[in-house]
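Each chain is listed here by its residues.
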Amino acid sequence: MSYLAHPENAAGKPHLLSDHLREVGTLAASFLVSVNPECSQVALWAGLLHDLGKYRDEFQDYLRGKQPQWLWSEAARLAENILAKYQATRKESR
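Conventions adopted
Residues numbered from 1 in each chain as written. Predicted model: local features only at pLDDT ≥ 70, side-chain atom pairs only at ≥ 80, totals over all residues. Heavy atoms only, no water. Phe/Tyr/Trp six-rings, centres within 6.5 Å; stacked < 30°, edge-to-face > 60°. Helix = DSSP H or I, 4+ residues; strand = E, 2+ residues; numbered from the N terminus. Buried < 20%, exposed > 50% of the residue type's maximum accessible area, 1.4 Å probe, protein only. Expected span 1.5 Å × (residues − 1). Arc of directions from axis to C-beta. Contact = heavy atoms within 4.5 Å.

**Q** Hey, could you run me through the packing of aromatic side chains in this one?
**A** Think of a pair of aromatic rings as described by two things: how far the centres are apart, and how the planes are tilted against each other in angle. A complete count under the given rule lists two aromatic pairs for this structure. Here the aromatic rings of Tyr3 and Tyr55 are separated by 5.0 Å at their centres, their planes lie at 65 degrees, and the arrangement is edge-to-face. Taken together, the residues Tyr3 in the segment before strand 1 (4-6) and Tyr55 in the loop between helix 2 (37-49) and helix 3 (57-63) connect sequence positions 52 residues apart. Under the relative-accessibility criterion, Tyr3 is labelled partly exposed at 29%.

Set out below in structure tokens:
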């Protein structure tokens, strides 16, 4: 089975999940490499991991129109919690 990140585009080409994760990781790291190289590695890993839940059969069925509703992955929930805590910490330190 080919795992998809998104449904096929207008040209009918699928966006493979493995390609998507690598592209997002590389892009995220590139935003930070000149500012803070250490953080760029964290951004790389965040990009690589951000959509791991899309490997679930339920999500793949959703993308292929076999599942009417999809559930958020545990990884997405974890990322949301981490981001919320980070943002709260930044506000407190100002």
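**Q** When you look at helix 2 in this model, what are you seeing that I'm missing?
**A** Spacing of three or four residues puts side chains on the same side of an α-helix, whose turn is 3.6 residues. With 13 residues, helix 2 should cover 18 Å at 1.5 Å per step; its first-to-last C-alpha distance of 19 Å lies within 8% of that length. Taken as a whole, helix 2 has its buried residues at Ser40, Ala43 and Gly47. The buried residues of helix 2 occupy an angular sector of 60 degrees when the element is viewed end-on, so they sit on one face. Turned more than 90 degrees away from the buried face of helix 2 sit Glu38, Val42 and Trp45, all of them exposed. Here the buried face of helix 2 lies against helix 1 (17-32).

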